Amino acid sequence: MTILKESNNREADKSTIMQEQKLHELLLYLSENSPFYKELFAKHEIDIADIKTLSDLALIPTTSKDDLQLRNDDFLCVPPGKVIEYTSTSGTLGSPVTIALTDNDLNRLAFNEYNSFLCADGSANDIYQLMLTLDRQFMAGIAYYSGIRKLGAGIIRLGPGVPALQWETIQRLKPTAIVAVPSFILKLIQFAKDADIDINNTSVKKAICIGENIRNTDFSLNILGKKITEAWNIKLYSTYASTEMQTAFTECSEGRGGHYQPELLIVELLDENDRPIAPFEPGEVTITTLGVEGMPLLRYKTGDMCMYDEEPCACGRTTLRLSPVMGRKKQMIKFKGTTLYPPALFDLLNEREEILDFVIEVYSNEIGLDQVLLYLLPAEESEECDHRIRAYLQARLRVSPHIKYLNAEDIQKMQFKESSRKPIKFIDRRV
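Residues numbered from 1 in each chain as written. Predicted model: local features only at pLDDT ≥ 70, side-chain atom pairs only at ≥ 80, totals over all residues. Heavy atoms only, no water.

## A short note on unusual backbone geometry
For F219, which is not a glycine, the phi torsion comes out positive at approximately 75 degrees. Taking relative accessible area as the criterion, F219 reaches 5% and is therefore assigned buried. Although it is not a glycine, Q246 adopts a positive phi angle of roughly 55 degrees. The exposure class of Q246 is buried, given its relative accessible area of 1%. (Buried < 20%, exposed > 50% of the residue type's maximum accessible area, 1.4 Å probe, protein only.)

So, in structure tokens, the structure goes:
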């Protein structure tokens, strides 16, 4: 045990030295090339020579999504001629933000996902069926494609939706893995059941799950994860990333959190006062990108609330691991004295067989308090089904949200707006 701890400490020391060197390079680069950070350093009288260690980062103010939305162009550090790819955020929490990538950034993105797929037990022998958006400026689509290509594995670019086509392709091309939103995997399972397809007798052995949690904060499978694995004997790997950080935290086979890539990112988890939090306490994921050329970010607050575990993983990796996203800071709901995050509501709604699909809408009432409206697709239209749903929500939430029942077509229209790249299950109309 002592030898292991000494070895882990040596690895941590190497990682810290490497990060501090890359941080020094980043600060020089920003001071020379970033209109936004030049101004920030001048305004707060920051001498970048004073920032020598990772703990010195606390001397620099954090950057917010509002900064990026209001002054998007001022974050660009290269002339337009060096930009190869323009990507954008989904605009879930406001107007979309453009993130411009150079050729070097695209190579870094491919390296990031190469590491991620290796972490998720990927190899050149795999064939991945991509069930996600590969256009509409969606960084994840090009990232997964590039990473798998670097891995040397096979790629099937099929795009999102259409269970019939997904299954026809699985049966014809025999992929070993899929990359998909977990709630869509449930739709695949239901289609297979209706079409009499034996899903446990197919080539697919694992799924890289994107965009939705499949685990609780203690790393156990949540309702969505359990529903998938109870019906389909496949291994699930969760991944967390954002367009701004251009880096992913991906699970290994132990399923105990997303592994940190310290050569690509400095991560801090901060409390309300921007102070570091202890392991297994919720904090806002705050990132500093390393090796990004086009639009690097310094102490950028993502808005995502997570916890972390710094103990070595049973897989042998010693870097910290992030929990599933507990919620987004701006999406926290205070409803009749109860504090809720959307992922917790998703788990509650996924648990009930009476609820086939849903969209959650939050709005402000006439006195500015949060109100919750649930748009539900019920398993059947009956008073008995309605009573069971309402009784369940009252028992679990101790408050009663408003409910509006919709048919499958209307739910689909709400979830898949013309410009959306992934299903929208949470709508925030608060002012």
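## A few points about helix α5 (residues 139–151)
Between the first and last C-alpha of α5 there are 18 Å, a value that for 13 residues agrees with the 18 Å anticipated at 1.5 Å per step. Residues of α5 that are buried include every one of M139, A140, G141, A143, Y144, S146, G147, I148 and L151, and no others. G152, located one to two residues past α5, shows a positive phi value of around 85 degrees. (Helix = DSSP H or I, 4+ residues; strand = E, 2+ residues; numbered from the N terminus. Expected span 1.5 Å × (residues − 1).)

## Focus: the pattern of salt bridges
Overall, the coordinates contain 21 salt bridges when judged by the stated rule. Here K301 makes a salt bridge to E284, at a shortest N to O gap of 3.7 Å. With a gap of 17 residues between them, K301 in strand β12 (residues 300–306) and E284 in strand β11 (residues 283–289) connect regions that are remote in the sequence. Residue class for E284 comes out buried when judged on its relative accessible area of 6%. (Salt bridge = Lys/Arg side-chain N within 4 Å of Asp/Glu carboxyl O.)

## A closer look at the sheet that holds β11
Read from one edge of the open sheet, 4 strands run β10-β11-β12-β15, paired in antiparallel fashion. Every interior strand has two partners, whereas the edge strands, β10 (265–270) and β15 (327–328), have only one. Where β11 lies against β12, 4 bridges are found, and the strand directions are antiparallel. Residue pairing across strands places I287 opposite Y300, the latter belonging to β12. (Pairing = 2+ DSSP bridges.)

## Some thoughts on the packing of helix α8 (residues 223–231) against helix α9 (residues 342–351)
Viewed as axis vectors pointing N to C, α8 and α9 meet at an angle of 40 degrees, and their least axial separation amounts to 8 Å. Overall, the two elements α8 and α9 adopt an arrangement that is oblique. For the pair α8 and α9, the contacting residues are I223, L224 and K227 in the first and D347, N350 and E351 in the second. The class makeup of the residues in the contact of α8 with α9 is 2 nonpolar, 1 polar and 3 charged. (Axes fitted to C-alpha atoms, helices over the stretch in contact; angles between N-to-C directions. Parallel < 35°, antiparallel > 145°, perpendicular 65-115°, else oblique. Contact = heavy atoms within 4.5 Å. Nonpolar A, V, L, I, M, F, W, Y, C, P; charged D, E, K, R; others polar.)

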